[in-house]
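# Structure at a glance
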Amino acid sequence: MRARVTGGGRGIGAGIARALAGDGWDVVVGARSGGQVQAVASEIGSEWVQADVSDRGSVEQMAAQAGEVDLLVANAGVSEGHAQRPSWEIDVNEWWRVYEVNVLGVHLCCRAVGHVQLTQDV
């Protein structure tokens, strides 16, 4: 079984990648942080890819590199310290970046994985 974990360079994503690898999954770890994601992949004996989930081209390239997967863990996300401030105090550009990563990123990853699955099943 093959899994792809976004945001796998640290925190929850790295923990998920480690747990899946420990359970025998073939894991592809992805994140913007190349050094961190490479370290996690090396630790668990898996592949890694540097990708920005808010960028359609980057996500499509990541999906093509990983190939068919059985499980997508769309874990990449940012908060940029917004939880400590009321939303009306957050600059619109900061808020938009959070939306791009946390919402658009999940959509792009699901879309790209679905596209790879469909083209390989044909």
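For the structure, check the block above.
Residues numbered from 1 in each chain as written. Predicted model: local features only at pLDDT ≥ 70, side-chain atom pairs only at ≥ 80, totals over all residues. Heavy atoms only, no water.

## What to know about the packing of aromatic side chains
Tallying each qualifying case throughout the model produces three aromatic pairs. Relative to Trp96, the ring of Trp95 has its centre 6.0 Å away and its plane inclined at 40°; by these criteria the two rings are tilted. The class of Trp96 is partly exposed, set by a relative accessible area of 45%. Between Trp95 and Tyr99, the ring centres sit 5.6 Å apart and the planes meet at 20°, which makes this aromatic pair stacked. Within this pair, Trp95 and its partner Tyr99 are both found in helix 4 (residues 92-121), separated by four residues, close to a single helical turn. Members of the aromatic cluster, connected to one another through ring pairs, are Trp95, Trp96 and Tyr99. (Phe/Tyr/Trp six-rings, centres within 6.5 Å; stacked < 30°, edge-to-face > 60°. Buried < 20%, exposed > 50% of the residue type's maximum accessible area, 1.4 Å probe, protein only. Helix = DSSP H or I, 4+ residues; strand = E, 2+ residues; numbered from the N terminus.)

## Some thoughts on the sheet that holds strand 4 (residues 71-74)
With respect to topology, four strands assemble into an open sheet ordered 3-2-1-4, the strand pairing being parallel. The sheet is open, and its two edges are formed by strand 3 (47-50) and strand 4, each paired on a single side. Direction aside, neighbouring strands of the sheet carry axes that sit 15° apart on average. Summarising the sheet, strand 2 (residues 26-31) and strand 3 pair through four bridges and their orientation is parallel. Each residue of the ladder has a partner; that of Val29, found in strand 3, is Trp48. Sitting on the sheet, helix 2 (residues 34-44) touches strand 2 and strand 3, and the angle it makes with strand 3 is about 170°. (Pairing = 2+ DSSP bridges. Axes fitted to C-alpha atoms, helices over the stretch in contact; angles between N-to-C directions. Contact = heavy atoms within 4.5 Å.)

## A look at the layout of surface pockets
Estimates place the volume of the largest pocket at around 280 Å³. For the lining of the largest pocket, the residue count by class is six nonpolar, five polar and four charged. (1 Å grid on protein atoms, 1.4 Å probe; cavity = no way out; pocket = protein on both sides within 12 Å on 5 of 7 lines; lining within 4 Å. Points joined across faces, edges and corners; volume = space filled by probe spheres on them. Nonpolar A, V, L, I, M, F, W, Y, C, P; charged D, E, K, R; others polar.)

## Overview of helix 3 (residues 56-66)
Regarding helix 3, the residues found buried are Ser58, Val59, Met62, Ala63 and Ala66. The buried residues of helix 3 occupy one face: seen down the axis, they fall within an arc of 135°. Residues Gln61 and Ala64 are exposed on helix 3 and point more than 90 degrees away from its buried face. Within two residues after helix 3, Gly67 carries a phi angle of roughly 70°, on the positive side. (Arc of directions from axis to C-beta.)

Structural measurements only, silent on function.
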